[in-house]
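These are the residues of each chain, in order.
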Amino acid sequence: MPKWLSNAVFYQIYPQSFYDSNGDGIGDINGIKEKLGYIKDLGCNAIWINPCFESPFMDGGYDISDYYKVAARYGTNGDLKSLFEAAHSLGIKVLLDLVPGHTSDKHKWFSESKKPEKNEFSDRYIWTDSVWEAPRQYNFECGITNRDGNYMVNFFSSQPALNYGFNKITHPKWQMSYKSPECKRTVEAIKDVMRFWLDLGCDGFRVDMADSLVKNDDEKTATSEIWRDIRIMLDENYPEAAIISEWCCPQRAITCGFHSDFYLDHEGNGYHTAFRNDIINGEDTCFFSKLGKGDITVLTGELEKDLKQINGLGYVSFITGNHDIKRLSYRYDESELKVAICTILFLPGVPFIYYGDEIGMPYNESLKSKEGGFYRTGSRTPMQWDDSRNAGFSNANKQDLYLPVDDSENNVNVKAQSQYNYSLLNTIKKALTIRNEYNDFSAESEYETLFAQKHRYPYIFRRGDFAVCVNPSVESAKANIDITLKNCVFKIGDVDINGKNINMQGQSMGVFKL
Ligand code: NOJ
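Residues numbered from 1 in each chain as written. Predicted model: local features only at pLDDT ≥ 70, side-chain atom pairs only at ≥ 80, totals over all residues. Heavy atoms only, no water.

Asker: Would you mind showing me how to read the site of the ligand here?
Answerer: Lining the immediate environment of the ligand, one finds Asp59, Tyr62, His102, Phe155, Arg206, Asp208, Met209, Glu246, His323, Asp324, Arg376 and Arg380. A distance of 2.7 Å separates an oxygen atom of the ligand from a polar side-chain atom of histidine 323. One of the side-chain nitrogen or oxygen atoms of aspartate 324 is found 2.5 Å away from an oxygen atom of the ligand. For the ligand, whose unbound accessible area comes to 300 Å², protein coverage reaches 98%. For the shell around the ligand, the residue count by class is 3 nonpolar, 2 polar and 7 charged. (Near = heavy atom within 4 Å. Polar contact = N/O pair within 3.5 Å; in protein donor to acceptor, adjacent residues only side chain to side chain. Areas by Shrake-Rupley, 256 points an atom, 1.4 Å probe, with all protein chains shown as cover. Nonpolar A, V, L, I, M, F, W, Y, C, P; charged D, E, K, R; others polar.)

Asker: How should I be thinking about helix α5 (residues 181-200) in this particular structure?
Answerer: Because an α-helix completes one turn every 3.6 residues, residues spaced three or four positions apart along the sequence face the same direction. Across its 20 residues, α5 extends 29 Å between first and last C-alpha, which sits within 8% of the 28 Å expected from 1.5 Å per residue. Here α5 has its buried residues at Cys183, Thr186, Val187, Ala189, Ile190, Lys191, Val193, Met194, Trp197 and Leu198. Remark: glycine 201 follows α5 within two positions and exhibits a positive phi of approximately 125°. (Helix = DSSP H or I, 4+ residues; strand = E, 2+ residues; numbered from the N terminus. Expected span 1.5 Å × (residues − 1). Buried < 20%, exposed > 50% of the residue type's maximum accessible area, 1.4 Å probe, protein only.)

Asker: What's the story with the sheet that holds strand β18 (residues 495-498) in this structure? I'm lost.
Answerer: Backbone-to-backbone hydrogen bonds pair the strands of a sheet. The strands run either parallel or antiparallel. Here 3 strands make up an open sheet; going across it, the order is β16-β19-β18 and the pairing antiparallel. Either end of the sheet is taken by a strand with one partner, and the two such strands are β16 (477-480) and β18. Put simply, the sheet's adjacent strands are angled 15° from each other on average, direction ignored. Judged from the 4 bridges that link them, β18 and strand β19 (residues 501-504) form a sheet pairing that is antiparallel. (Pairing = 2+ DSSP bridges. Axes fitted to C-alpha atoms, helices over the stretch in contact; angles between N-to-C directions.)

Asker: Whenever I open this one, the pairing of strand β5 (residues 93-98) confuses me. Can you help?
Answerer: In the case of a regular strand, side chains alternate between the two sheet surfaces. Of all 6 residues in β5, 5 are buried, a share of seventy percent or more. Pairing geometry for strand β2 (residues 46-49) and β5, over 3 bridges, is parallel. By the bridge assignment for β5, isoleucine 47 is matched with valine 94. Where β5 lies against strand β8 (residues 204-207), 3 bridges are found, and the strand directions are parallel. Opposite aspartate 97, over in β8, you have arginine 206 as the bridge partner.

Asker: Quick question: what am I supposed to make of the sheet that holds β2 here?
Answerer: If you trace the 8 strands from one edge of the open sheet to the other, you get β11-β10-β9-β8-β5-β2-β1-β12, paired in parallel fashion. The sheet is open, and its two edges are formed by β11 (315-317) and β12 (352-354), each paired on a single side. Taking the axes of each pair of neighbouring strands and ignoring which way they run, one obtains an average angle of 25° across the sheet. Two elements, strand β1 (residues 10-13) and β2, share 4 bridges in a ladder whose sense is parallel. Within β2, the residue paired with tyrosine 11 across the bridge is isoleucine 47.

Asker: Any chance you could explain the packing of aromatic side chains here in plain terms?
Answerer: The geometry of an aromatic ring pair is captured by the separation of the ring centres together with the interplanar angle, meaning the angle of the planes. Scanning the entire structure with this criterion turns up 44 aromatic pairs. Taking the centre distance of 5.4 Å and the plane angle of 45° together, the rings of phenylalanine 53 and tryptophan 197 count as tilted. One end of the pair, phenylalanine 53, is in strand β3 (residues 53-54); the other, tryptophan 197, is in helix α5, with 144 residues separating them in the sequence. Assessed through its relative accessible area of 1%, tryptophan 197 is described here as buried. Among the aromatic residues, those joined into a ring-pair cluster are Tyr271, Phe275, Phe287, Phe288, Tyr447, Tyr457, Tyr459 and Phe461. Over the face of the ring belonging to tryptophan 109 we find arginine 124, whose NZ or CZ atom lies 4.6 Å from the ring centre. Positioned over the ring face of phenylalanine 466 is lysine 513, at 5.2 Å from the centre of the ring. (Phe/Tyr/Trp six-rings, centres within 6.5 Å; stacked < 30°, edge-to-face > 60°. Lys NZ or Arg CZ within 6 Å of the ring centre and 35° of its normal.)

Asker: Would you take a moment to explain the nonpolar core for this structure?
Answerer: Among soluble globular proteins, nonpolar side chains are generally buried collectively. Grouped together as the largest cluster of nonpolar side chains are 148 residues, with contacts concentrated most on Phe10 and Tyr11. Counting residues per element, this core draws most heavily on helix α10 (residues 334-346), which supplies 8 residues. Look past the residues within four positions of phenylalanine 10 in its chain and what remains in contact with it is Trp4, Leu5, Cys44, Ala46, Ile47, Trp48, Leu95, Ile244, Val350, Pro351, Phe352 and Ile353. One finds Phe451, Ile460, Ala467 and Cys469 within the second-largest nonpolar core, a separate group that totals 12 residues. (Core = buried A, V, L, I, M, F, W, Y, C linked by side-chain atoms within 4.5 Å. Contact = heavy atoms within 4.5 Å.)

As C-alpha cells, this is what we get:
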C-alpha cells in the first residue's frame, strides 16, 4: 500500500476545461501546472487527470490512439514530466487515467488488427471468425473492415475492446481463453504503458472500467487474476504507485489488488440514495436534500459492509462528482452543497473533488454534445476562475473556447468566493484544513456509525477520536448518543451539545473531539 494514499485528498481535472495557458481556447498541461498552487491551497494533495493522450476524441479522450503520447492540444510528454516534477515539489501526487479495456479504432494496433492478413496484432482485439457471426449477447461492429469477422466494442462504436480473452467460452471457434498467450500479450502491452508513465514520474492511475477486461467473467475471477498480476508488478517495482478502480464494488476491486475503489452513482446504491436520488414526481428523497425526506441507512449499511469486507486492505473513494454525471449543483443550492461536500470530505476513504465543485459550478443543461459527452457535456465546462473575460479560463476569442464558459456578471468563481468567509469554497477549505490536520480522518482511520436511523435526521459517525454530526434538512434535528462530545473543530450553522444530547439547527454540521 503506497503510504501517501491514506492521507490523500484528490482533485479531479478534466484537462480540456481547467486552465488554458496558451490562449488556444482549450485547457492544457501547462495550465494545470500554473494552478497547482490553487489546488494545494484548497487542501488537496493529489490530482487525477482524465485521459490526456493522443485521441480522435470521440469519447473525450477515452478513445486513445497512442498510449505513449500526450495529445498535442494539451502539450507534450515533456510538459507532463515537468508537471509531475512541479507537483512533487509541492507535495502533490499525480494519477493519470489508464484505459486498459479498449482503444480508439484509430489506434495503430487496430489498424493492423483489421487487416485480412494475419499479423502480430490480429488477436489484440476480439474478432469473430466470420462477418456472418455476431451473437446477440455481445456488441459487435459488423462488416466495416476488410477482415472477415466482426469486432467487439466496449462502449461507443469507436472503442474496440482489447482482447483479454474469455472466462466462460460459449463460442469456441473465435473466443480465446484468458490464459492464452495472445491474451497474455495484451496484459503485457498494458503493463508496458503503465511502466512508461510511472518511469516518467506519475504516481499511479485511475483505471477506467476496471472490471471489464475478461469477457463472460461474471464472478470476475479471471479479471481479478490479471489485476493481481499487475499489482505484483507494482509492488515489486513501483511500491509507491497507486491504482484506483472505476468499479463500484470495493470488496471485489480491493481483492483484485486495487488500492481504492470509487463509489459511483448507481441507481439504488448508498451513494446514489444519499447524494443523487432522482427527483420522481416532485418527490426528492435524497438524504442530503434540504427537504429532509431521505434515508441514510442505505449508505451506512453498504459502507459498513464494504469496510468490513475490505478489512483495511484498501479504501473506498467518495466523489463530489465526476465527468460522467451531472454536477451536484444541478439539484442542490449553496447551503446544501456545503453540508453534502463537507460530509464527503470526512467520510472514510480517499475523497475526490471534481474541479469546480468546490465553487458550486453549474451543470449546463443547454449544451450540445461535445466529443461524445452528450448529457455529460454540461459537467465539463471551463473552470470559472474570476470575473474577467472567459471567467479567467482562457484568453481566446469566445467562439474558440472548447466549451462555453459562464462569465456572466453573477457567475460563481474562485476569486469572488475567496473573498467571502462563508463561501462554499472557504467552507470546503476549512473542512480540508481540519481533515489534513488530524490523522483521525485519514483513510486508514476507523469509521463507526453512531446515529443513523431510517428516515430520520441527523446522521452521526465517528472517525478515530472525532464525531461528525450532519443535518442536511432545513428542519432542526435531535439525537442522543452514547459518547460525550467535547470541543468543536469544524462547524456549519449551529450545533448545540448538552451532555450526550445533540441539537442541530437545520442545515448544520459539526465535527467534535471525543
Ligand atoms: C468511463 C469513463 O469515465 C467515461 O467517461 C468513458 O466514456 C467510459 N468509461 C468509456 O471509456
